[in-house]
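# A structural walkthrough
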Amino acid sequence: RVMHGLMAQSSFNFSHQQAGKLVMLSDANALKAAASQVAFQAEHGCEQTVLGIDACLEIEPALATARQRWLGGVYTASEEVADCPGFCRALVDE
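Residues numbered from 1 in each chain as written. Predicted model: local features only at pLDDT ≥ 70, side-chain atom pairs only at ≥ 80, totals over all residues. Heavy atoms only, no water.

## Some remarks on the overall build of the protein chain
- The secondary structure content of the protein chain amounts to four helices and five strands.
- Taken from the N to the C terminus, the helices and strands of the protein chain come in the order α-β-β-α-β-α-β-β-α.
- Referenced to the eigenvectors of the C-alpha coordinate spread, the extents of the protein chain come out at roughly 50 × 35 × 20 Å.
- Here the protein chain holds 94 residues, and 24% of them are scored as buried.
- For the protein chain, contacts bridging at least 24 residues in sequence account for 72% of all contacts bridging at least 6. (Helix = DSSP H or I, 4+ residues; strand = E, 2+ residues; numbered from the N terminus. Buried < 20%, exposed > 50% of the residue type's maximum accessible area, 1.4 Å probe, protein only. Contact = heavy atoms within 4.5 Å.)

## Overview of the sheet that holds strand S2 (residues 21–25)
- Read across the open sheet, the three strands follow the order S2-S4-S3; overall the sheet is antiparallel. The two strands at the open ends of the sheet, each matched to only one other strand, are S2 and strand S3 (49–52). Strand-to-strand twist across the sheet, computed as the mean angle between neighbouring axes with direction ignored, equals 25 degrees.
- Bridge count for S3 against strand S4 (residues 72–76) is four bridges, and the pairing is antiparallel. Its bridge partner lying in S4, Gly52 is registered against Gly72. (Pairing = 2+ DSSP bridges. Axes fitted to C-alpha atoms, helices over the stretch in contact; angles between N-to-C directions.)

## Re the confidence of the model for the protein chain
- Mean pLDDT over the protein chain: 92, with 100% of residues reaching 70 or higher.
- Ranking the elements of the protein chain by mean pLDDT puts helix H1 (residues 2–9) last with 80 and S4 first with 98. (pLDDT = per-residue confidence, 0-100.)

## Focus on unusual backbone geometry
- In the Ramachandran plot, Ser15 falls in the positive-phi region, its phi being about 55 degrees despite a non-glycine side chain.
- Tracing the chain through its elements places Ser15 in the loop between H1 and strand S1 (17–18).
- Residue Ser15 is classed as partly exposed on the basis of its relative accessible area, which comes to 47%.

## Topic: the environment of Cys88
- Take Cys88: it is sitting in helix H4 (residues 84–93).
- Along the sequence, Cys88 and Phe14 sit 74 residues apart, while their C-alpha atoms lie 8.9 Å from each other.

## What about the nonpolar core?
- Judged by nonpolar contacts, Met24, Leu51, Ile53, Cys56, Leu57, Ala66 and Trp70 together constitute the single largest core of seven residues.
- With three residues, the top contributor of residues to this core is helix H3 (residues 53–59).
- The residues touching Met24, leaving out its near neighbours within four places in the chain, are Ile53, Cys56, Leu63, Trp70, Gly72 and Gly73.
- With five residues, the next largest nonpolar core counts Leu25, Leu31, Val38 and Val74 among its residues. (Core = buried A, V, L, I, M, F, W, Y, C linked by side-chain atoms within 4.5 Å.)

## A look at the side chain of Thr76
- Mapped onto the secondary structure, Thr76 falls in strand S4.
- One polar contact links Thr76 to Gln48, side chain to side chain, over a distance of 3.1 Å.
- Setting aside anything within four residues of it in sequence, one finds Thr76 in contact with Gly20, Lys21, Glu47 and Gln48. (Polar contact = N/O pair within 3.5 Å; in protein donor to acceptor, adjacent residues only side chain to side chain.)

Right under this line is the structure:
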């Protein structure tokens, strides 16, 4: 929220985008633990989804060649990325 407010007030470009994040899991215990963590975080406003391998491959088809390594994953559509050094330089220059 703070970042979005700052971006609304500033005009500099630091390659910000909402790209989403997919964390792949290869172990049944890790997938179960991730599901528990996602449920806990949902109680605090986080929006994440535990996905099976087919849904993961829909998001990132390039993983298909290594399909046998994965059981599923956790997807966070709201994850954002940017050029952090560029952001800092722009703040200094602003």
